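# A look at the structure
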Amino acid sequence: MSLAEQVGSLRRAILRVINRRLNGRTSRPFQQLLALKIVAKNAPLNQSELADRLLIDAPATSRLVERLVDDGLVARCAGEDRRCVKLQVTEQAGPELELIAAATLSVDEDVRRHLSEEELRELNRLLDKALAALSGAEAERPLSGVG
């Protein structure tokens, strides 16, 4: 299995566990909870930044943000100029943010039971290094020998 496939499998497993732990505690889809967490942690940010972090397209982000605004969990605020709108969570988002925080913390605790502190430090270091490599210009390189 390739590194990309392993990381993808791990991501899917984590999402499955989080969804199971959230089941019955909220009717809000995981994607909305994740959006709330991202906005809360990085506010103020605009919709395109949110789309980049969620790995979804602009129309999907617009629909997601519209729902969160309609539900009173996110507010649109003026940005640097009239064309730019920034997002911030409202106080009403508190309980939902607590749910996603508890679910992700429980996943971390599960993993910590199977890895030593040294292994966790090394895993974090390697994941940070892989992310940095993929965030750089190298990631824009086309496939060689394809096409």
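Residues numbered from 1 in each chain as written. Predicted model: local features only at pLDDT ≥ 70, side-chain atom pairs only at ≥ 80, totals over all residues. Heavy atoms only, no water.

## Thoughts on the overall build of the protein
Tallying secondary structure elements over the protein gives 6 helices and 2 strands in all. When the elements of the protein are put in sequence order from the N terminus, they spell out α-α-α-α-β-β-α-α. Oriented by its inertia axes, the alpha-carbon framework of the protein measures out at about 45 × 40 × 25 Å. Expressed as a percentage of its 147 residues, the buried residues of the protein come to 24%. (Helix = DSSP H or I, 4+ residues; strand = E, 2+ residues; numbered from the N terminus. Buried < 20%, exposed > 50% of the residue type's maximum accessible area, 1.4 Å probe, protein only.)

## Details of the nonpolar core
Soluble globular proteins tend to pack their nonpolar side chains together in the buried interior. Counting 14 residues, the largest nonpolar core has Ala35, Leu36, Leu50, Leu54, Leu68 and Leu87 as the members making the most contacts within it. Counting residues per element, the ones that place at least two in this core are α2 (30-42), α3 (47-54) and α4 (58-70). No other element matches the 4 residues that α2 contributes to this core. With 8 residues, the next largest nonpolar core counts Ile18, Phe30, Leu33 and Leu99 among its residues. (Core = buried A, V, L, I, M, F, W, Y, C linked by side-chain atoms within 4.5 Å.)

## Some remarks on helix α1 (residues 3-22)
Between its terminal C-alpha atoms α1 stretches 28 Å, which fits the 28 Å expected from 20 residues at 1.5 Å a residue. All of the buried residues in α1 are Gly8, Ile18 and Leu22. For α1, the buried positions fall inside an angular range of 95 degrees around the axis, keeping them on one side. Where the residues of α1 are buried, they touch α2 and α5 (94-112). (Expected span 1.5 Å × (residues − 1). Arc of directions from axis to C-beta. Contact = heavy atoms within 4.5 Å.)

## A word on α3
Every buried residue of α3 is listed here: Leu50, Ala51 and Leu54. For α3, the angular spread of buried residues about the axis comes to 100 degrees, placing them on one side. Where α3 is buried, its residues contact α2, α4 and β2 (85-89). Positive backbone phi, at 60 degrees, marks Leu55, one or two positions downstream of α3.

## Section: the environment of Glu49
Structurally, Glu49 is set in helix α3. Taking the relative accessible area as the measure of exposure, Glu49 reaches 31% and is therefore partly exposed. Sequence separation of Glu49 and Arg25 is 24 residues, and the distance between their C-alpha atoms is 28 Å.

## Points about the confidence of the model for the protein
Across the protein, pLDDT averages 89, with 92% of residues at or above 70. The lowest-confidence element of the protein is strand β1 (residues 74-78), averaging 90 in pLDDT; the highest-confidence one is α4, averaging 95. (pLDDT = per-residue confidence, 0-100.)

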